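Here is how the chains run, residue by residue.
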Amino acid sequence: MRIIFMGTPEFATPAIDSLIDAGHEIAAVFSQPDKPKGRGYSMTPPPVKVKAMEHNIPVYQPKSMRDGEALKIFREIKPDVGVVIAYGKILPQEILDAPKYGCINVHASLLPKYRGAAPIQWSVIDGESKTGVTTMQMDAGLDTGDMLLRSETDIAPDETAGDLHDRLSAMGAELIVKTLDALTKGELKPEKQDDSLTCYAKMLTKELCAVDWSRSAQEIHNQIRGLSPWPVATAVLEGKKLRLHRSAVSSLVVPEASCGEIILLEPFTVKCGSGAIELLEIQAEGKKRMLSADYLRGHKIELGTILQ
C-alpha cells in the first residue's frame, strides 16, 4: 500500500522498518519540527525524521495541519492510507478523510482504557497487570475511533515504563503490518469503543514526582517504575533531592518505624505507610545515576534517617 506515515518519537520508528520490510511504500513522512536540545541548544531532528532520512523518504514538518498546505501534499501524493503513531498533533477531518482508507493509529494501550498522551506510564503507575497495543480507525475525537486489532501483553511486577515502552513499540510495529494486511484482504471488523470503560492518561508533569511515604510500598513502587525514565520519582535526603530510578517491594518483616525512615542499608530499604521498599538505583543531586549500594559506599547515612 502507498502510505503517508505520521509520527515523531522513538516509539514510532520500528514501524517504519516493519512497513518497508512488508513491502509497503512509505511515500512521505510527517513529523514534528526539529527542537533545540542539549547544553548548546542545537536544533535536533525527531527520531522519526532521522529514520525516514535513512530510507530516503521525503519528510514534512509543518507547524500546522490546518492551513491547507498538508492537505495539498496529501492530495498530490494520493496515499492509500495514513499511518499515525505518536505524531503529537490533532489531525483535522479533512486530513483524516484524504487517504483512500482514511488514517489508522497505533495506540499503546488496550483501548478504550488509557486514551490520551501517556498510556504506558499510567498503566504502570496504576498497577495494571496487562496492557498492549491497539490499532484504530481514526476519527476527530481523542483516541475514540473504532478499534481494529489488539495485541496484549503482561506487565512484569518490576518493569519500568521505559522497559514497557520498548516492548510495546515493537508490538505496535508488528500490529500495524497485520492491520494493513487484513485491510487489503477485506478482513477487518471495526469495533466501536465502549466509552464507559475508558480512563484518560494525562500528560506527565514533574508535579507527579515527589513520593509520599505514607502510601503503601506497592503504590510507591508503581510510581517509581511508572515515572522511569522520565520525569523520575523524587525524595529529599538530608535537604537534597534524590531521584529514584528503580525499586522493589521488600519482603522484609517491617519493624516499627516512621514513614520514610531508612530501616536497612543493605539493601537500601525505606519504611512506607504499609510495607517497605528497596531503592535499587538512585541519583543524588548533581551526580550520575548509580546503584544504591555504590552510592552508600561513598556516603555515610545513618539508620533512622528520614526521607521526605
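Residues numbered from 1 in each chain as written. Predicted model: local features only at pLDDT ≥ 70, side-chain atom pairs only at ≥ 80, totals over all residues. Heavy atoms only, no water.

Caption draft 1: Quick look at the packing of aromatic side chains. On inspection of all chains with the given rule, the structure shows two aromatic pairs. Pairing Phe30 with Phe74 gives two aromatic rings, centres 5.5 Å apart and planes at 50 degrees, and the pair type is tilted. A residue pair is termed long-range when its members are at least 10 positions apart, and Phe30 in strand E2 (residues 25–30) and Phe74 in helix H3 (residues 69–77) qualify at 44 residues. An aromatic cluster is present here, built from Phe30, Tyr60 and Phe74 joined pairwise through their rings. (Phe/Tyr/Trp six-rings, centres within 6.5 Å; stacked < 30°, edge-to-face > 60°. Helix = DSSP H or I, 4+ residues; strand = E, 2+ residues; numbered from the N terminus.)

Caption draft 2: Expanded view of the nonpolar core. Phe5, Val83 and Leu180 are the most contacted members of the largest nonpolar core, which has 34 residues in total. Elements with a contribution of two residues or more to this core: strand E1 (2–7), helix H1 (13–21), E2, helix H2 (47–54), strand E6 (81–85), strand E7 (103–107), helix H5 (119–125) and helix H6 (161–184). Residue contributions to this core peak at ten residues, all from H6. When neighbours within four sequence positions are excluded, Leu180 is seen to be in contact with Met1, Ile3, Leu19, His24, Val81, Val83 and Ile104. Among the nonpolar cores identified, the runner-up in size contains 29 residues, and Ala201, Ala233, Leu244 and Ile277 belong to it. (Core = buried A, V, L, I, M, F, W, Y, C linked by side-chain atoms within 4.5 Å. Buried < 20%, exposed > 50% of the residue type's maximum accessible area, 1.4 Å probe, protein only. Contact = heavy atoms within 4.5 Å.)

Caption draft 3: Up close: the pairing of strand E13 (residues 240–249). For strand E12 (residues 233–237) and E13, the ladder comprises five bridges, and the chain directions are antiparallel. Residue Ala235 lies in a different strand from E13, and its bridge partner there is Leu242. A loop of two residues connects E12 with E13, the two strands running antiparallel in sequence, and Glu238 in this loop sits at a positive phi of about 50 degrees. (Pairing = 2+ DSSP bridges.)

Caption draft 4: The arrangement of the environment of Arg150 in detail. Its location among the elements puts Arg150 in strand E10 (residues 146–154). Among the residues examined, Arg150 registers a relative accessible area of 46% and is labelled partly exposed. It is 23 Å that separates the C-alpha atoms of Arg150 and Lys89, two residues lying 61 residues apart in sequence. Ignoring any residue separated from it by four or fewer positions in sequence, one finds Arg150 in contact with Leu110, Leu111, Val133, Thr134 and Leu175. Separated by 2.5 Å, the side chain of Arg150 and the backbone oxygen of Leu111 make a polar contact. (Polar contact = N/O pair within 3.5 Å; in protein donor to acceptor, adjacent residues only side chain to side chain.)

Caption draft 5: Summary view of the pattern of salt bridges. Scanning the model with the defined rule gives 18 salt bridges in all. When the shortest N-O distance is used, the salt bridge between Glu174 and Lys178 registers 3.3 Å. Remark: Lys178 and Glu174 occur in helix H6; sequence separation between them is four residues, near one turn of the helix. Residue classification places Glu174 among the partly exposed residues on the basis of a relative accessible area of 46%. Lys178 gets classed as partly exposed once you look at its relative accessible area, which sits at 45%. Linking Arg246 and Glu281 is a salt bridge whose minimum nitrogen-to-oxygen distance equals 3.7 Å. With a gap of 35 residues between them, Arg246 in strand E13 and Glu281 in strand E16 (residues 276–284) connect regions that are remote in the sequence. Residue classification places Glu281 among the buried residues on the basis of a relative accessible area of 18%. A single salt-bridge network, built from bridges that share partners, covers Asp163, Arg246, Glu281 and Arg289. (Salt bridge = Lys/Arg side-chain N within 4 Å of Asp/Glu carboxyl O.)

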